[in-house]
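These are the residues of each chain, in order.
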Amino acid sequence: MALRHLTFLFPLRPSLSRSIILTRPPTPSLSFRPRTAGITTSASAMASSLRKVLVPIATGTEPIEAVVVIDVLRRAGADVTVASVEKELRVDALHGVKLVADSLITDCSENVFDLITLPGGMPGAATLRDCGPLEGMMKKQAADGRLCAAICAAPAVALGSWGLLKGLKATCYPSFMDQLSTSATVTESRVEQDGKVVTSRGPGTAMEFSLVLVEQLYGKEKVNEIAGPLVMRTNHGEPFTKHELNAVEWKFNKSPQILVPIGNGTEEMEAVIIIDTLRRAKASVVVASVEDKVEIVASRKVKLVADMPLSEATELSYDFIVLPGGLGAAQAFEKSEKLVNLLKKQRESEKPYGAICASPALVLEPHGLLKGKKATAFPAMCEKLSDKSEIENRVVIDSNLITSRGPGTSMEFALSIVEKLFGLGKAQELAKTMVFTHP
């Protein structure tokens, strides 16, 4: 039975029970034979549970759609290979986000994957379509009855062009729906599954899309296991909200200059969603590494390249400084004298600053940057906050401070920053463009 429209409902508190509600019964779990005979039962179980996934990327790939899928699938335990279809491992994705792949597509074209999933973005999706080795892999994937997936422009531009959607229901980014209609039965679902093909709409649906892929590879229990720590929202497609106290105007001249520090262990979803969204709003965003190198390895092993080292970035002044989370990076931020001094100067100058996930508790709190302020943080870190009165809110703004909870609140967090800097209209426009809210 083909699984059609999917809607995920998760409570806000990870400590409570979680469930997935589907409008139709799920397809049966995929089964795999042990790869090696004669091994122990426990080793056999481990081998059978390891799912291999390919995520190809190209110049012009939409970074949110690539990184969210990689992050979520690796959280589930999948062996994810990020493959560049370009001549080099480093890829310049959209909005100035620089990614480094694990391998070239030509180095893994003979490998067998349980799932191949394509990010969108243009011209990235067109480059994926024109990649001969990838086309051959995807057609064999479909012929062998293994999972194929695509999001945003990729269902229409790549899967449809390859003839892999014939007779199937599919969805894609709104402006590509006419093109998709020539190769598939079009729906406006946020995530659409028909048989072994899963499609979705855009950056704002990437997390829902990823969890459907997790369910197909591992089942509902695994989705329930990882959904809590993601701090997923329950009302997908509905307007985003924030909790604001002591409202003040965030002032700047011309385009706001924004600093986003990153380091080894940064939560890649949070960093990329913030960077991507703010650059879409036409902010001038500087991504600075607190490490010795500009290339960092994020918490789920996604490799990101900063614009410059923090030592160089400190020579500039900023209208706003925002810290992504991730335990390793938050610990590095807390120990960075240069970054802490920048944040203290920001507060003293009454300029806005913010943090998400572990960073409010591990960076801002110990350095007195939350003193007299309401804030929230990743649920497991909230005990470290001196004032816990507003911790249940997904985004909290108190005067010049903004904080948020985790990967699943990153889009709301980024859009709330856009609203403070550029106004509600701009934030609502971006939310629809990214298909975070219903277009």
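A brief report on the enclosed structure follows. Computed from a predicted structure; not experimentally measured.

Thoughts on the packing of helix H7 (residues 206-218) against helix H8 (residues 220-230)
Now for step 1: Two elements in contact, H7 and H8, have axes whose closest approach is 7 Å; the angle formed by their N-to-C orientations is 145°. Where H7 crosses over H8, the handedness of that crossing is right-handed. For the pair formed by H7 and H8, the contact residues are Met207, Leu211, Val214, Glu215 and Tyr218 on the first element and Lys220, Lys222, Val223, Ile226 and Leu230 on the second.
Now for step 2: Of the residues belonging to the contact of H7 with H8, the class tally is seven nonpolar, no polar and three charged.

Considerations on the sheet that holds strand E19 (residues 353-356)
Now for step 1: Spatially, eight strands are ordered E12-E20-E21-E19-E18-E13-E14-E17 in an open sheet, and the strand pairing comes out mixed. Pairing within the sheet leaves two strands with one partner each, and these edge strands are strand E12 (243-245) and strand E17 (308-309).
Now for step 2: The pairing of strand E20 (residues 395-398) with strand E21 (residues 401-404) spans four bridges and is classified as antiparallel. Directly across from Ile397, in E21, lies its bridge partner Ile402.

Some remarks on the pattern of salt bridges
Now for step 1: Per the stated rule, a full pass over the model turns up 21 salt bridges.
Now for step 2: The residue Asp307 makes a salt bridge to Lys98 at a minimum N-O spacing of 2.9 Å. With Asp307 in the loop between strand E16 (303-305) and E17 and Lys98 in strand E4 (residues 98-100), this residue pair connects regions lying 209 residues apart in the sequence.
Now for step 3: The partner of Lys303 in a salt bridge is Asp102, with the nearest N and O atoms 3.6 Å apart. Placement of the pair is Lys303 in strand E16 and Asp102 in the loop between E4 and strand E5 (103-104), with a sequence separation of 201 residues.

Quick word on the packing of aromatic side chains
Aromatic rings in a pair are described by how distant their centres are and how their planes are angled relative to each other.
Now for step 1: Scanning the model with the defined rule gives two aromatic pairs in all.
Now for step 2: Taking NZ or CZ as reference, Arg51 lies 5.6 Å from the ring centre of Tyr218, over its face.

Focus on the sheet that holds strand E3 (residues 90-92)
Now for step 1: Spatially, E3-E4-E16-E15 is the arrangement adopted by the four strands of the open sheet, whose pairing is antiparallel. Here the strands that pair on one side only, and so sit at the sheet edges, are E3 and strand E15 (295-297). Neighbour-to-neighbour, the strand axes of this sheet turn through a mean angle of 30°, independent of strand direction.
Now for step 2: Of the strand pairs in this sheet, E4 and E16 are connected by three bridges, and their pairing is antiparallel. Residue Lys98 lies in a different strand from E16, and its bridge partner there is Val305.

Regarding the environment of Trp250
Now for step 1: Relative to the assigned elements, Trp250 resides in the loop between E12 and strand E13 (257-262).
Now for step 2: Of the residues examined, Trp250 reaches a relative accessible area of 3% and is grouped as buried.
Now for step 3: Expressed as a C-alpha distance, the spacing of Trp250 and Ile417, which sit 167 residues apart in the sequence, is 9.7 Å.
Now for step 4: Setting aside anything within four residues of it in sequence, one finds Trp250 in contact with Phe320, Pro352, Ile397, Ser399, Asn400, Ile402, Ile417, Lys420 and Leu421.
Now for step 5: For Trp250, the side chain forms a polar contact with the main-chain oxygen of Ser399, separated by 3.1 Å.

Calculation rules
Residues numbered from 1 in each chain as written. Predicted model: local features only at pLDDT ≥ 70, side-chain atom pairs only at ≥ 80, totals over all residues. Heavy atoms only, no water. Axes fitted to C-alpha atoms, helices over the stretch in contact; angles between N-to-C directions. Helix = DSSP H or I, 4+ residues; strand = E, 2+ residues; numbered from the N terminus. Left-handed = near helix turned anticlockwise from the far one by under 90°. Contact = heavy atoms within 4.5 Å. Nonpolar A, V, L, I, M, F, W, Y, C, P; charged D, E, K, R; others polar. Pairing = 2+ DSSP bridges. Salt bridge = Lys/Arg side-chain N within 4 Å of Asp/Glu carboxyl O. Phe/Tyr/Trp six-rings, centres within 6.5 Å; stacked < 30°, edge-to-face > 60°. Lys NZ or Arg CZ within 6 Å of the ring centre and 35° of its normal. Buried < 20%, exposed > 50% of the residue type's maximum accessible area, 1.4 Å probe, protein only. Polar contact = N/O pair within 3.5 Å; in protein donor to acceptor, adjacent residues only side chain to side chain.

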